[in-house]
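Coordinate analysis (summary)
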Amino acid sequence: MIKLADVRKSYGSGKNLFPVLKGIDMDVEQGELVSIMGSSGSGKSTLLNVLGLLDSYDSGKYLLGGTDMSNLNETTAAQYRSKYLGFVFQSFNLINFKSAVENVALPLYYQKVPRKERNAMAMDLLDKVGLTDWANHLPSEMSGGQKQRVAIARSLITKPRLILADEPTGALDEQTSHEVMDVLKEVNKEGITMIIVTHENEIAAMTQRVIRLRDGLIESTGR
Ligand code: ADP
Ligand code: MG
């Protein structure tokens, strides 16, 4: 599903050129539950943003579902993102003045799905993550774990093939982290490929394969 060959990316330019990805080779099969581990500053978020077409890379090759992702313009990248990809972030990225069900339904609003239909789909997903009773609550009324479950439901509403999660448990206590990982594992069991970035060994151990990143290079592929 994903294949990277010698992907490189630097920030800055000239004397201030700062290489972050220094030749990444990796692949992920459809249906895998993979973690990317590495210390802070090793390039995990940069790599995930490249994988998610949120950021460009300087050189190398990235195939997503067999299609070359080089030199996409922003419109095409946005189309791929909304069609194939779901995102989960450490800080949840929910809209504070919208209820849980409105947050989950929002991606479908942008796809011009009628309100009734998108709300029905959002309710189904809230049910799946165990938050039916919280549908009309605002994020400010929910715990961190609940907010992350709303964010996971939102990531699913466009029926993505791949979910990219950047430190999804980074803001949660240990027990809540486990609950959120259980939800992500359930989602993966339904066939959605999942890549989870983490710096916590315990979280990585809950995935099927651990890719280790060190200073912008893959240290081990976990195979
Ligand atoms: P991680 O997620 O593993 O902590 P990042 O991918 O966020 O690492 O960052 C890797 C390195 O790149 C860090 O040294 C960081 O300071 C630098 N970096 C990240 N984003 C930018 C940016 N937009 N501009 C300049 N440097 C950046
Ligand atoms: Mg990061």
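Some words on the overall build of the chain
On a plain count of helices and strands, the chain comes out with 7 helices and 10 strands. By the compact-globule yardstick of 17 Å for 223 residues, the chain fits well, its C-alpha radius of gyration being 17 Å. By principal-axis analysis of the C-alpha atoms, the chain measures approximately 50 × 40 × 35 Å. Taking all 223 residues of the chain together, 48% fall into the buried category. Once local pairs closer than 6 in sequence are excluded, the contacts in the chain between residues at least 24 apart make up 70%. For the chain, the computed accessible surface area is about 11,100 Å², with 48% contributed by carbon and sulfur atoms. Across the chain, 26 positive and 27 negative side-chain charges occur, with their mean positions spaced 6 Å apart.

Thoughts on the sheet that holds strand 5 (residues 67–68)
If you trace the 4 strands from one edge of the open sheet to the other, you get 2-1-4-5, paired in antiparallel fashion. Looking along the sheet, the strands with just one partner apiece sit at the ends: strand 2 (18–28) and strand 5. Alignment of strand 4 (residues 59–64) against strand 5, held across 2 bridges, turns out to be antiparallel. From the neighbouring strand, Leu64 faces strand 5, where its bridge partner is Thr67.

Some words on the sheet that holds strand 7 (residues 162–166)
What holds strands together in a sheet is hydrogen bonding between their backbones, with the strands either parallel or antiparallel. The strand order across the open sheet built from 6 strands is 6-7-8-3-9-10, with neighbouring strands paired in mixed fashion. Looking at strand neighbours, the two that pair on one side only are strand 6 (85–89) and strand 10 (217–220), the edges of this open sheet. Put simply, the sheet's adjacent strands are angled 25 degrees from each other on average, direction ignored. Relative to strand 9 (residues 209–214), strand 3 (residues 33–37) runs parallel, the two being bridged by 4 bridges. What sits directly across from Ser35, in strand 9, is Val210. Relative to strand 6, helix 2 (residues 74–84) is tilted by about 80 degrees, and along the sheet it contacts strand 6 and strand 7.

Remarks on helix 3 (residues 100–110)
Among the residues of helix 3, those classed as buried are Ala100, Val101, Asn103, Val104, Ala105, Leu106 and Leu108. Buried residues in helix 3 make contact with helix 4 (115–128) and helix 5 (144–156). Lys112 sits one or two positions beyond helix 3 and adopts a positive phi of about 65 degrees.

Looking at the packing of aromatic side chains
Throughout the structure, instances matching the rule amount to 3 aromatic pairs. Summarising the aromatic geometry, the rings of Tyr109 and Tyr110 are spaced 5.4 Å apart at their centres and angled 75 degrees between planes, so their arrangement reads as edge-to-face.

Regarding the pattern of salt bridges
What the rule picks out here adds up to 11 salt bridges. When the shortest N-O distance is used, the salt bridge between Arg223 and Asp27 registers 3.1 Å. Within this pair, whereas Arg223 is found in the segment after strand 10, its partner Asp27 is found in strand 2, the two being separated by 196 residues in sequence. Residue classification places Arg223 among the exposed positions, given a relative accessible area of 58%. On the basis of relative accessible area, Asp27 is assigned to the partly exposed category, the value being 23%. The residue Glu219 makes a salt bridge to Arg214 at a minimum N-O spacing of 3.5 Å. Among the residues examined, Glu219 registers a relative accessible area of 47% and is labelled partly exposed. For Arg214, a relative accessible area of 56% gives the class exposed. Shared partners join several salt bridges into a network, and the residues in it are Asp27, Glu32, Arg209 and Arg223.

What about the pairing of strand 4?
As paired elements, strand 1 (residues 2–11) and strand 4 share 5 bridges and run antiparallel to each other. Bridging from a neighbouring strand, Leu4 pairs with Tyr62 of strand 4. Turn length for the strand 4-strand 5 hairpin, with the two strands adjacent in sequence and antiparallel, is 2 residues, and the turn residue Gly65 shows positive phi of about 55 degrees.

Focus: the site of ligand 1
The local shell around ligand 1 consists of Tyr11, Phe18, Val20, Ser39, Ser40, Gly41, Ser42, Gly43, Lys44, Ser45 and Thr46. Note that an oxygen atom of ligand 1 is positioned 2.7 Å from one of the backbone N or O atoms of Gly41. Here ligand 1 loses 57% of its free accessible area of 560 Å² to cover by the protein chains. For the shell around ligand 1, the elements supplying multiple residues, two or more each, are strand 2 and helix 1 (44–51). In terms of residue count, helix 1 provides more of the shell around ligand 1 than any other element does, 3 residues in total. Grouping the constituent residues of the shell around ligand 1 by class yields 3 nonpolar, 7 polar and 1 charged.

Conventions adopted
- Residues numbered from 1 in each chain as written.
- Chains lettered and ligands numbered in written order.
- Predicted model: local features only at pLDDT ≥ 70, side-chain atom pairs only at ≥ 80, totals over all residues.
- Heavy atoms only, no water.
- Helix = DSSP H or I, 4+ residues; strand = E, 2+ residues; numbered from the N terminus.
- Rg over C-alpha atoms; globule rule 2.2 N^0.38 Å.
- Buried < 20%, exposed > 50% of the residue type's maximum accessible area, 1.4 Å probe, protein only.
- Contact = heavy atoms within 4.5 Å.
- Areas by Shrake-Rupley, 256 points an atom, 1.4 Å probe, with all protein chains shown as cover.
- Lys, Arg positive; Asp, Glu negative; His and termini not counted.
- Charge placed at Lys NZ, Arg CZ, Asp CG, Glu CD.
- Pairing = 2+ DSSP bridges.
- Axes fitted to C-alpha atoms, helices over the stretch in contact; angles between N-to-C directions.
- Phe/Tyr/Trp six-rings, centres within 6.5 Å; stacked < 30°, edge-to-face > 60°.
- Salt bridge = Lys/Arg side-chain N within 4 Å of Asp/Glu carboxyl O.
- Near = heavy atom within 4 Å.
- Polar contact = N/O pair within 3.5 Å; in protein donor to acceptor, adjacent residues only side chain to side chain.
- Nonpolar A, V, L, I, M, F, W, Y, C, P; charged D, E, K, R; others polar.

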